[in-house]
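Residues per chain are reported as follows:
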Amino acid sequence: MERLIIKGGRPLSGTVRVGGMKNAALPMMAATILAPGVHILNNIPDLRDITTMSHLLRIFGAKIYRHGHALTLDTSTCDFPEAPYELVSTMRASFFVLGPLLARFGRAKVALPGGCAIGPRPVDLHLKGLRALGAEMDMEGGYVVAEARKLRGASVNFEVPSVGATENVLMAAVLAEGTTVVENAAKEPEISALAEFLRSMGAKISGDGTDRIEVEGVTSLSPAEVEVPPDRIETATFLIAAAATGGEVTVEGCLPEHITSVIGKLREAGAELQVRDGTIRVQGPPRPGPTDVVATPYPGYPTDLQPLHTALMTIAEGTSLISDRVFPERFTHVPELRRMGADISVEDRVAVVRGVRALDGAPVMAPDIRAGAALVVAGLAAKGETVISRVYHIDRGYERIEEKLRSLGAEVRRES
Ligand code: EPZ
């Protein structure tokens with residue numbers, strides 16, 4: 001078990017470059033199943049979740065090689081469409097293989113993902129979408145057993161815009177017979193990144209980035225090479241960390257248009273931001289002003305950054321109200337932040353954050369990726385030493401976080 005030890009209270013300063021978008025890279029890796037052959041994905045971050053997805057694809061028979069940040073995936077040898085519980089239970093994104101396996105093999109057996117630290121995360125919409133395309137699905141011993149001799153284009157209307165369900169349906173629809181229309185589709189940039197990859201494989205998709213996506217099925221796809229776009233959540237993590245420490249940081253290699261809502265909230269909190277093509281420079285305020293946030297689907301404030309915004313608001317000059325419409329119970333970071341002296345109460349699924357002058361370093365535990373990142377932000381801003389255990393959660397979504405933070409002047413080390 002590794003721990004991160006942070007000596008807080010130093011303003012971050014310098015320039016940092018962000019890596020590739022984890023939540024686009026994962027479905028893109030699953031999508032390689034659709035076209036037997038050798039695919040190359042560039043700008044793949046070196047993360048625990050990427051390793052887990054590689055393990056899973058190897059179980060299906062794929063050959064995968066990493067050269068720095070490039071991943072070569074040969075899916076011509078895939079012949080075993082079964083995703084075991086041991087892997088799916090460690091990463092929900094494993095469920096993204098269901099659509100591609102069905103489309104390529106006409107059958108699939110994928111373990112149902114279990115519970116999750118950020119609240120109930122059903123997969124009913126994934127199943128509803130695939131059923132609409134003609135798949136028959138049964139539950140057997142904790143597994144979804146799916147079969148479809150021929151997938152057919154259909155109209156799919158989601159009750160709520162789900163990123164994962166939209167991706168699973170897109171990946172099945174590209175090889176279905178006829179046209180599929182997805183209504184109330186998720187609009188997140190990760191969807192457009194996946195759609196772009198599928199198009200480069202020969203798929204016919206339009207409307208991604210809007211809530212109505214149309215897919216005209218084709219009979220086969222070809223392997224492709226693409227560049228994974230930069231990660232918007234990592235970008236914003238560095239901006240929020242800089243703001244929390246009153247620092248001055250430039251984030252390079254990012255796409256500012258993906259985090260407009262975050263830039264707006266940081267400005268509201270008193271940070272100064274300069275946005276240029278692919279670069280954002282932030283100057284943190286001496287002390288943040290209180291700023292309410294309601295996390296909503298894209299282009300709203302991202303749920304994945306809600307815990308980090310909460311950490312920032314713990315030291316604001318006033319009270320902020322924070323809620324999350326995507327995962328209304330996503331507050332596992334709150335008890336940990338309280339251990340550091342934060343004054344937060346959660347009433348009717350709203351976190352009432354009464355800013356304190358300073359946080360105190362303390363031993364804390366990362367409950368999941370983003371709650372863990374929130375503790376890193378808090379630890380950087382706090383007085384004294386914060387020891388974060390269960391760092392493996394943070395490693396699922398952040399590559400070499402301690403090295404990148406050290407390059408910004410933070411005092412952070414990793415210990416076994
Ligand atoms: C993706 O999860 C991300 N994960 C999450 O990031 C992110 O928090 C989430 O989207 C929301 O932006 C990946 O892309 C791998 P959803 P996903 O389906 O697809 C409900 C991280 O830290 N819903 O868009 O699982 C669901 O309960 C992770 O990197 C159903 O009701 O999220 C939620 O309220 C954590 N039925 C809402 O939809 C379903 O079948 C949105 O969830 C599916 C979802």
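Residues numbered from 1 in each chain as written. Predicted model: local features only at pLDDT ≥ 70, side-chain atom pairs only at ≥ 80, totals over all residues. Heavy atoms only, no water.

## A short note on the pairing of strand β3 (residues 38-42)
Here β3 runs beside strand β5 (residues 70-74); their pairing, made up of 4 bridges, is antiparallel. Among the inter-strand pairings, Ile-40 is bridged to a residue of β5, identified as Thr-72. Sheet analysis places β3 next to strand β14 (residues 225-227), joined by 3 bridges and oriented parallel. Looking across to β14, one finds that Leu-41 is bridged to Val-226. (Pairing = 2+ DSSP bridges. Helix = DSSP H or I, 4+ residues; strand = E, 2+ residues; numbered from the N terminus.)

## Focus: the environment of Pro-307
Structurally, the position occupied by Pro-307 is in helix α10 (residues 306-313). Considering only alpha carbons, one finds Pro-307 and Leu-337, 30 residues apart in sequence, at a separation of 9.9 Å. Sequence-distant contacts of Pro-307, defined by excluding residues within four places in its chain, comprise Arg-330, His-333, Arg-370, Ala-371 and Ala-374. (Contact = heavy atoms within 4.5 Å.)

## Focus on the nonpolar core
One finds Leu-34, Leu-57, Val-97, Leu-98 and Leu-198 to be the most contacted residues of the largest nonpolar core, which totals 82 residues. Ranked by the residues each element gives to this core, the list is headed by helix α1 (residues 22-31), at 7 residues. Not counting residues within four places of it along the chain, the set of residues in contact with Leu-34 comprises Pro-100, Ala-103, Met-171, Val-174, Leu-175, Leu-198, Met-201 and Leu-221. In terms of nonpolar packing, the next biggest core, distinct from the first, is built from 68 residues, Ile-6, Ala-351, Ala-374 and Ala-378 among them. (Core = buried A, V, L, I, M, F, W, Y, C linked by side-chain atoms within 4.5 Å. Buried < 20%, exposed > 50% of the residue type's maximum accessible area, 1.4 Å probe, protein only.)

## Regarding the domain arrangement of the protein
Examined at the domain level, the protein breaks down into domain 1 (3-19 + 230-415) and domain 2 (22-218). One C-alpha centre belongs to domain 1, the other to domain 2; they are set 30 Å apart. On the side of domain 2, 20 residues touch domain 1, which itself brings 23 residues to the contact. Interface area for domain 1 against domain 2, summed over the two sides, is near 1800 Å², with a carbon-plus-sulfur share of 54%. The largest contributions to the domain 1 side of the interface with domain 2 come from Tyr-298, Arg-396 and Glu-399, which together make up 34% of the buried area. Inspection of the domain 1/domain 2 interface yields 2 salt bridges. Two residues, Asp-49 and Arg-396, come together in a salt bridge whose shortest N-O distance is 2.6 Å. On inspection of domain 1 and its partner domain 2, the count reaches 7 residue pairs in polar contact (both at pLDDT 80 or more). (Domains from an automatic or database assignment. Buried area = accessible area lost by both parts, 1.4 Å probe. Salt bridge = Lys/Arg side-chain N within 4 Å of Asp/Glu carboxyl O. Polar contact = N/O pair within 3.5 Å; in protein donor to acceptor, adjacent residues only side chain to side chain.)

## Notes on a negative patch on the surface
A cluster of acidic residues, Glu-136, Asp-138, Glu-140 and Glu-147, forms a negative patch at the surface. If one sorts the elements of the negative patch by residue count, strand β8 (residues 136-140) sits on top with 3 residues. (Patch = residues over 30% accessible without salt bridge, like charges linked within 9 Å, V, L, I, M, F, W, Y side chains within 5 Å. Areas by Shrake-Rupley, 256 points an atom, 1.4 Å probe, with all protein chains shown as cover. Lys, Arg positive; Asp, Glu negative; His and termini not counted. Charge placed at Lys NZ, Arg CZ, Asp CG, Glu CD.)

## Digging into the sheet that holds β5
Spatial ordering of the open sheet is given by β4-β5-β3-β14, a layout of 4 strands whose pairing is mixed. Looking at which strands have only one partner, the edges of the open sheet turn out to be β4 (63-67) and β14. Within the sheet, the average angular offset between the axes of one strand and its neighbour, ignoring direction, is 15°. In this fold helix α2 (residues 48-59) packs onto β4 and β5, with an angle of close to 150° to the strand it touches most, β4. (Axes fitted to C-alpha atoms, helices over the stretch in contact; angles between N-to-C directions.)

## Side note on α10
Summarising burial for α10: 8 of the 8 residues are buried, a large majority. Listed as buried for α10 are Gln-306, Pro-307, Leu-308, His-309, Thr-310, Ala-311, Leu-312 and Met-313.

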